[in-house]
Amino acid sequence: MSIVTVQLGQCGNQIGHEVFQSLCSDIHGTHGLCSRKENQSYQDACKERFFWEEESGVPVARAVLVDMEPKVISQTLSMAARSGCWKYSHQSHFCQKQGSGNNWANGYSVHGPRHKESIMNLVQKEAEKCDRLGGFVTIMSMAGGTGSGLGAFVTRCLRDAFPASFILNHVIWPYGTGEVIVQNYNSVLTLAHLYRSADALLVHENDAIHRICAQLMNIKHISFRDVNQVIAHQLGSVFQPAHTAEGGPNYSRNPLGDLMETLVPHPEFKMLGLRNIPQIPENSLPYSTFSWPGLIKHLRQMLIANAQMEEGIDWQVRPPPPGSSTPSTRKPLHFNTSIANLVILRGKDVHSVDLGSFQDPSLYTSWLNPQDAFNAWRTPRAFNKYEKSASLVSNSQFLLKPLDSVVGKAWNMFASKAYVHQYTKFGIEEEDFLDSFTTLEQVISSYTTL
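Cut-offs and rules
- Residues numbered from 1 in each chain as written.
- Predicted model: local features only at pLDDT ≥ 70, side-chain atom pairs only at ≥ 80, totals over all residues.
- Heavy atoms only, no water.
- UniProt positions renumbered as here; feature names shortened; annotations may be inferred.
- Helix = DSSP H or I, 4+ residues; strand = E, 2+ residues; numbered from the N terminus.
- Rg over C-alpha atoms; globule rule 2.2 N^0.38 Å.
- Buried < 20%, exposed > 50% of the residue type's maximum accessible area, 1.4 Å probe, protein only.
- Contact = heavy atoms within 4.5 Å.
- Pairing = 2+ DSSP bridges.
- Axes fitted to C-alpha atoms, helices over the stretch in contact; angles between N-to-C directions.
- Core = buried A, V, L, I, M, F, W, Y, C linked by side-chain atoms within 4.5 Å.
- Expected span 1.5 Å × (residues − 1).
- Polar contact = N/O pair within 3.5 Å; in protein donor to acceptor, adjacent residues only side chain to side chain.
- Phe/Tyr/Trp six-rings, centres within 6.5 Å; stacked < 30°, edge-to-face > 60°.
- Lys NZ or Arg CZ within 6 Å of the ring centre and 35° of its normal.
- Parallel < 35°, antiparallel > 145°, perpendicular 65-115°, else oblique.
- Left-handed = near helix turned anticlockwise from the far one by under 90°.
- Nonpolar A, V, L, I, M, F, W, Y, C, P; charged D, E, K, R; others polar.
- Disulfide = S-S within 2.5 Å.

Per an unreviewed UniProt entry, the chain carries the name Tubulin delta chain and comes from Oxyruncus cristatus. The annotation that UniProt attaches to the chain under Sequence similarities (unreviewed entry) is "Belongs to the tubulin family." Per UniProt, the chain has the following entry under Cofactor (unreviewed entry): "Mg(2+)".

What follows is the structure, given as structure tokens:
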């Protein structure tokens, strides 16, 4: 089944480009470490998922690019064309001359309705090119105006136009120190609206990715492109083909459906986090060896201690002892309780890896059977030059702190009516703010009581 990607705003378009670049360099890599037959079916599955081929044989990304300013889209189109191994279609982008000025209401209430028909026509055309449509992935930032406001509007339109398709929002959480004075308002409005329309939200925090660039990739002067490449690598490690437990010898046919079925057992819990291990500079790869038991041990501790990378993990955090059945309010401090986890293993000897430590009932909430709460996908095909790599997609309490902080800051501003007039002039009323606060308070409360 195919996935249509909708890239929204500057952030969404720049990350989207890096994702397709990462997928493409992976399928053209000669580092497969698996049989020729396996490699061929992996490449075919990836192409069906993310690309269609024009007569010249060049893969064209199944993507729609949307921004209210032309600059980033034209850069993105030409960078893809220059890569020589894939490109975007020239008919699948939409841009205007004037941006949303970091105003969520401008994106949601003005640009969205005004350009709905043009944007949804592009999406419809892209969807019709799929033999079987698996669903949509939108890529957007939470802090700005176009990505967040227009992104929330487009997600709602996707839900109305494709009620039976899966929708995954990939959302970039802004730097804590802030890029935009009203980013907490924009974030609250975005998250609340997406929660109503999407099947799941996959969140990357800029601060965490920045630390990975500095500490694991040893990059001295970190650019947005460096950050985006790490995000793209992590997304690729999830969305490239893998064998599901029940799938037998064939690659998963419906990646979004399998992801939702595995990780979102209840519509109240839609927040997914992603961790990937190992992550090291490319020039260090030839000198590095990794063992599966070591990688799995680190990945599990990253989960329970809520660490975003394998360096600086708090090894003191332990799950509660079995049989203690303590309510979550009395669980050990900093312990990250999960609803559901998916581990994806790629590379050498994946079928001999023991994942029993992820089936420990103490990692999970009491209302789900650990057998249902944990799943593993595997493929002997290595990913992007890593001989062995593991990814963890987790529906857990990982976002509670940042979410609580954003809602708190936004509420403090709202209580003093700061900047609210910037939104009301575009038709977003105080009621809309209050509804959004209520939605997110409910999300925080649900995750806290796990």
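With that settled, the discussion passes to the overall build of the chain. Scanning the chain from N- to C-terminus turns up 14 helices and 12 strands. A compact globule built from 450 residues would reach a C-alpha radius of gyration of about 22 Å, and the chain, at 21 Å, matches this within 12%. Residue burial in the chain is summarised as follows: out of 450 residues, 60% are buried. Considering only contacts in the chain between residues 6 or more positions apart, those separated by 24 or more positions represent 81%.

Sheet architecture is open: 10 strands sit in the order S5-S4-S1-S6-S7-S8-S9-S12-S10-S11, paired in mixed fashion. Each having just a single partner strand, strand S5 (93-95) and strand S11 (374-379) make up the two edges of the open sheet. Between one strand axis and the next, the sheet turns by 20° as a mean value, whatever way the strands run. In the sheet, strand S6 (residues 133-141) pairs with strand S7 (residues 166-173) via seven bridges, with the strands oriented parallel. Counted as the bridge partner of threonine 138 is asparagine 169 from S7.

On to the nonpolar core. With 145 residues, the main nonpolar core has Leu168, Met271 and Phe358 as its most contacted residues. Take this core: its biggest share by element is eight residues, from helix H4 (residues 104-128). Apart from the residues within four sequence positions on either side, phenylalanine 358 is in contact with Ile296, Leu299, Arg300, Leu303, Val343, Leu363, Tyr364, Phe374 and Leu392.

Here the focus is the environment of leucine 342. If you trace the backbone, leucine 342 turns up in strand S10 (residues 338-347). For the pair leucine 342 and asparagine 375, spaced 33 residues apart in the sequence, the C-alpha separation amounts to 4.9 Å. For leucine 342, the residues in contact, after removing those within four places along its chain, are Leu259, Thr262, Leu263, Asn375, Ala376, Trp377, Ser391, Leu392 and Val393.

With that out of the way, let us pick up the pairing of strand S12 (residues 388-396). The buried fraction of S12 amounts to nine of the nine residues, a majority that puts the element mostly inside the structure. Of the two faces of S12, the one carrying Lys388, Ala390, Leu392, Ser394 and Ser396 and the one carrying Ser389, Ser391, Val393 and Asn395 are both buried. Taken together, the five bridges between strand S9 (residues 271-277) and S12 define a ladder with antiparallel strand orientation. By the bridge assignment for S12, glycine 273 is matched with serine 394.

Before going further, it helps to spend a moment on unusual backbone geometry. Proline 278 follows isoleucine 277 through a cis peptide bond whose omega is -5°. As for its position among the elements, proline 278 is in the loop between S9 and helix H10 (292-304). Notably, asparagine 306 is not glycine yet its phi reads approximately 55°, a positive angle. Structurally, asparagine 306 is set in the loop between H10 and S10.

The next thing to look at is H4. With 25 residues, H4 should reach 36 Å at 1.5 Å per residue; the first-to-last C-alpha distance of 30 Å falls well below that figure. The opening residue of H4 is asparagine 103, an N-cap whose side-chain oxygen sits 2.9 Å from the backbone nitrogen of alanine 105.

Let's shift gears to the packing of aromatic side chains. Per the counting criterion, the structure on display carries 19 aromatic pairs. Ring plane angle 70° and centroid distance 5.9 Å describe the contact between tyrosine 42 and tyrosine 251, whose orientation is recorded as edge-to-face. Placement of the pair is tyrosine 42 in helix H2 (residues 36-50) and tyrosine 251 in the loop between helix H8 (224-239) and helix H9 (255-263), with a sequence separation of 209 residues. Each member of the pair, tyrosine 42 together with tyrosine 251, is buried. One aromatic cluster is present, formed by Tyr185, Trp411, Phe414, Tyr423, Phe433 and Phe437 through successive ring pairs. The ring of phenylalanine 383 carries the charged tip of arginine 346 above its face, separated from the ring centre by 5.9 Å. The ring of phenylalanine 414 is capped by lysine 417, whose NZ or CZ atom sits 4.9 Å from the centre of that ring.

So, on to the packing of helix H1 (residues 9-28) against H8. In the contact formed by H1 and H8, the axes pass within 8 Å of each other and the chain directions differ by 55°. One finds that H1 runs oblique with respect to H8. Of the two elements, H1 crosses H8, and the hand of that crossing is right-handed. Where H1 abuts H8, its residues Gln14, Ile15, His17, Glu18, Val19, Ser22 and Leu23 lie against Arg225, Asn228, Gln229, Ile231, Ala232, His233, Leu235 and Gly236. In terms of residue class, the contact of H1 with H8 is built from six nonpolar, seven polar and two charged.

Now for the pairing of S7. The buried fraction of S7 amounts to seven of the eight residues, a majority that puts the element mostly inside the structure. One ladder, built from six bridges, connects S7 with strand S8 (residues 200-205); its direction is parallel. Note that in S8 the partner of valine 171 across the bridge is valine 203.

Bringing the state of the cysteines into the picture now. The bond known as a disulfide is covalent and runs between the sulfur atoms of two cysteines. Summed over all chains, the structure comprises zero disulfides. Considering cysteine sulfurs only, cysteine 95 is the nearest to cysteine 157, which forms no disulfide, with 19 Å between them. With relative accessibility at 4%, the residue cysteine 157 sits in the buried group.

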